Amino acid sequence: IGVVSVIDGHRQWIKASDGTNVREIELGKTFCALTVQRSGPLIVPDALADPRFHKSPHVIGYPYVRFYAGMPLTTHDGYNIGTICAIGHEPRAFSEREAGILSDLARVTMDELELRQLAVTDNLTGLMSRGAFREEAEKAIALALRHKHHLSIVAIDLDHFKSINDRYGHGVGDTVLRGVAQACMETQRQTDHLGRLGGEEFAALLPHTDRAGAMETAEKLRLTIQGLIFNAAGKEIDVAASFGVASLDLETKDFDTLLAHADAALYEAKAAGRNRSGGWRRAVEAVGH
């Protein structure tokens, strides 16, 4: 079995494979959870003889793993994001030459993944593009519905951003957008996702987060943005943003509806005075300062 996978805080997502139809595995049950923590290969000649794995459900049960060789997928700036691995049903040795081949394959795979990442990243801010954000959100929503866990989206819109462009120029406006995006990325959890939906509009995808938790995140982001100061032509520029929160519920089970509810809450927050966080729940509520 050959597998290329990426790993988040909870699961291993199989992106390409030969010999298996499995597409996701709980992280605690996979060999690759150890591989992704290493700087080099993890070789397991006989899983039944290895105390780390001999009781694994994937060893004593399907797919009856006996041999494993995995290499972390490492980004050019040094982060391990996944693995490439070979799995066998019989014990076997793995030579240095074979380990070198696996290492080469890992580098080629990582190059391809990073090229694809460029296609789904907003060039100005480094956040996910609108299309990539939608794709990630749809997968996360399907997973949340299947496993019955919470998920929320926070819609974000900078207040009076047009006036910054009009007064200081689009170059300064771009600097503000990049600064806001960077500040938001620095506050997010590893499992969260941020996207630029267009112009000064952003969104945050929050898996395993209910409405109350999403409101706390929105307020944290609001205060972070409110605290930013930019300089242009010797003058300080203050920025602020309004937020709308929506969560999965019995009536909200798809991305378009979830984002529409978050947008409705956002516009209510703007109507209530801007620089606020609004939560959608049939009748929209707005809170803030």
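Our subject in this report is the structure included herewith. (Residues numbered from 1 in each chain as written. Predicted model: local features only at pLDDT ≥ 70, side-chain atom pairs only at ≥ 80, totals over all residues. Heavy atoms only, no water.)

1. Points about empty space enclosed by the protein
Item 1. For the structure shown, the criterion picks out two cavities of 30 Å³ or more.
Item 2. Within this model, the largest cavity holds a volume of roughly 50 Å³.
Item 3. Lining the largest cavity are Ala155, Ile156, Asp157, Leu197, Glu201, Phe202, Asp263, Leu266 and Tyr267.
Item 4. The set of elements that each furnish at least two residues to the lining of the largest cavity consists of strand 7 (151-158), strand 9 (201-207) and helix 8 (255-271). (1 Å grid on protein atoms, 1.4 Å probe; cavity = no way out; pocket = protein on both sides within 12 Å on 5 of 7 lines; lining within 4 Å. Points joined across faces, edges and corners; volume = space filled by probe spheres on them. Helix = DSSP H or I, 4+ residues; strand = E, 2+ residues; numbered from the N terminus.)

2. Side note on the environment of Arg134
Item 1. Along the polypeptide, Arg134 turns up in helix 4 (residues 130-147).
Item 2. Under the relative-accessibility criterion, Arg134 is labelled partly exposed at 30%.
Item 3. Residues Arg134 and Asp256, 122 residues apart in the sequence, show an inter-C-alpha distance of 8.9 Å.
Item 4. Among residues more than four places away in sequence, those in contact with Arg134 are Phe255 and Asp256. (Buried < 20%, exposed > 50% of the residue type's maximum accessible area, 1.4 Å probe, protein only. Contact = heavy atoms within 4.5 Å.)

3. Here we look at the pairing of strand 1 (residues 2-7)
Item 1. Two strands pair when backbone bridges link them, and strand 1 and strand 6 (residues 80-88) are joined in this way by five bridges, in the antiparallel orientation. The residue of strand 6 that forms the bridge with Gly2 is Ala86.
Item 2. Judged from the six bridges that link them, strand 1 and strand 2 (residues 11-18) form a sheet pairing that is antiparallel. In the strand pairing of strand 2, Val4 is matched with Ala16.
Item 3. Two successive antiparallel strands, strand 1 and strand 2, enclose a turn made up of three residues. (Pairing = 2+ DSSP bridges.)

4. Observations concerning the pattern of salt bridges
Opposite charge on two side chains makes pairing possible when the charged atoms of those side chains draw close.
Item 1. For the coordinates displayed, the defined rule picks out 16 salt bridges.
Item 2. The residue Glu98 makes a salt bridge to Arg92 at a minimum N-O spacing of 2.6 Å.
Item 3. Given the relative accessible area of 25%, Glu98 is considered partly exposed.
Item 4. Close ionic contact of Arg222 with Glu219 constitutes a salt bridge, the shortest N to O distance being 2.9 Å. With Arg222 and Glu219 both in helix 7 (residues 211-226) and three residues apart, this pair spans about one turn of that helix. Accessibility assignment for this pair places Arg222 and Glu219 in one class, buried. (Salt bridge = Lys/Arg side-chain N within 4 Å of Asp/Glu carboxyl O.)

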